[in-house]
Amino acid sequence: MNVRDRFFYEIYDKIKSGEDISLVSADLGAPSLDDLRRDFPQRFVNVGIAEQNAIAVAGGLCLAGKKVVAYGLNPFPVTRAFDQIRNLMASLKLPITVAALKAGTATAEAGVSHMALENISLLRTLKNIRIINPSDETISKMAVDEMINRPAPRYIQFDPFITDILYDETKIDYNKGFALSGPKSDVAIVATGIWAHRLKKEDLPVRLIDCFALPLCEKEFYDELKQYKRIIAVEDGIDRGGIGSMTLEILNDYEAVIPVECMALKFDNGYPSVLSDRNLIFEQEGLTLDNLKKKLEDREP
């Protein structure tokens, strides 16, 4: 199943076992929520197409002692409700979990207004916000346990095209925030979300660093990065403020000089002006597996 449904089925199981979890929806449902709305209607609140109100209502429920998930369609839970996230979550540290469907270019067919291109970059500017971008069902399922056991302001985005179990739960360290796969070489690929998913399944002969939760453990991340002569950051998001920028910032903090190439969405000619397709956008922006393989063939930075 996809990562969103894995998350919500786990929420349902936790409620059945006695966890006091409520869900506030900005007029968005899911097949995986049907059982919850039927069996626990008092735990489901639909505020309509009003993302700012969803975060505000979630804040009130948090102050009443509830564990709360605010659910909506990206990019709006972040772009439209940024002020509420900044004040209620980053500043007051209310442990709301904002769960948002769609990531990056997943809704390219609806136009740029519905693409969550800047969400990670925007939220990285705020203090105290945990950002989770699952690359498989295991990471999505474990996000529920983290929400329950480590109450904190949290944002989770679900890419509808990510399915499958790629990781063993016993080998994922959520506190660290990143997972390693593939053999060591002189090049490391840093990725997140759909690109971490695709590249792990591609099984390239290089180290893949899947940054599934931010902020990650910077010291451990740096200790991994310093072993490589070259780093390539790949992400389905705008090329400023995301994991490529994060990688450069951490290397700078440790005064390390390692070349970093960022494969991301630049939109040098402006945002797409027509309804499009994710893979077409990737092709237009040079964000393709073929281009990545060409970079790997060129061993000189």
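That block above? That's the structure.
Definitions and limits used
Residues numbered from 1 in each chain as written. Predicted model: local features only at pLDDT ≥ 70, side-chain atom pairs only at ≥ 80, totals over all residues. Heavy atoms only, no water. Pairing = 2+ DSSP bridges. Helix = DSSP H or I, 4+ residues; strand = E, 2+ residues; numbered from the N terminus. Axes fitted to C-alpha atoms, helices over the stretch in contact; angles between N-to-C directions. Contact = heavy atoms within 4.5 Å. 1 Å grid on protein atoms, 1.4 Å probe; cavity = no way out; pocket = protein on both sides within 12 Å on 5 of 7 lines; lining within 4 Å. Points joined across faces, edges and corners; volume = space filled by probe spheres on them. Nonpolar A, V, L, I, M, F, W, Y, C, P; charged D, E, K, R; others polar. Salt bridge = Lys/Arg side-chain N within 4 Å of Asp/Glu carboxyl O. Buried < 20%, exposed > 50% of the residue type's maximum accessible area, 1.4 Å probe, protein only.

Student: It is not clear to me how the sheet that holds strand E12 (residues 260-265) should be interpreted in this structure. Could you clarify?
Tutor: Whether parallel or antiparallel, the strands of a sheet pair through hydrogen bonds between backbone atoms. Across the sheet, which stays open at both edges, the five strands sit in the order E7-E9-E8-E11-E12 with mixed pairing between neighbours. What marks the edges here is a single partner per strand, and that holds for strand E7 (178-181) and E12. Sheet twist, expressed as the mean angle between neighbouring strand axes with direction ignored, is 20°. Helix H9 (residues 218-225) rests against E7, strand E8 (187-191), strand E9 (207-211) and strand E11 (230-238) of the sheet, and its axis sits at about 160° to E9. Contacts from helix H10 (residues 243-253) reach E8, E9, E11 and E12, with the element oriented near 140° to E11.

Student: What exactly am I supposed to notice about empty space enclosed by the protein here?
Tutor: Rolled over the atoms, a probe as big as a water molecule pinpoints where empty space is left. What the rule picks out here adds up to two cavities of 30 Å³ or more. Roughly 150 Å³ of volume is contained in the largest cavity. As for the largest cavity, its lining consists of 18 residues, and the residues nearest its centre are Ile 120, Asn 133, Gln 157, Asp 236 and Gly 237. Those elements that place two or more of their residues in the lining of the largest cavity are helix H6 (119-123), helix H8 (193-202) and E11. In terms of residues, the lining of the largest cavity owes the most to one element, E11, which gives four residues. Here the residues of the lining of the largest cavity are counted per class, giving six nonpolar, nine polar and three charged. Of the voids in this model, the second largest cavity is the one considered here, and its volume is about 40 Å³. Surrounding the second largest cavity, Ala 26, Glu 51, Ala 54, Ile 55, Ala 70, Tyr 71, Gly 72, Pro 77 and Val 98 form its lining. For the lining of the second largest cavity, the elements supplying multiple residues, two or more each, are helix H3 (51-63) and strand E3 (67-73).

Student: Hey, could you run me through the pattern of salt bridges in this one?
Tutor: A pair can form between side chains of opposite charge whenever their charged atoms are brought close. Applying the stated criterion across every chain, the model contains 27 salt bridges. A salt bridge links Glu 51 to Arg 80; the nearest nitrogen and oxygen atoms lie 2.9 Å apart. With Glu 51 in helix H3 and Arg 80 in the loop between helix H4 (76-79) and helix H5 (82-91), the pair connects residues that are 29 residues apart, well separated along the chain. Overall, the relative accessible area of 5% leaves Glu 51 in the buried class. Of the charged contacts, one joins Asp 236 and Arg 278 as a salt bridge, the two residues approaching to 2.9 Å between their closest N and O atoms. Pair noted here: Asp 236 is in strand E11 and Arg 278 is in helix H11 (residues 278-284), with a separation of 42 residues, a long-range link. Since its relative accessible area comes to 12%, Asp 236 is described here as buried.

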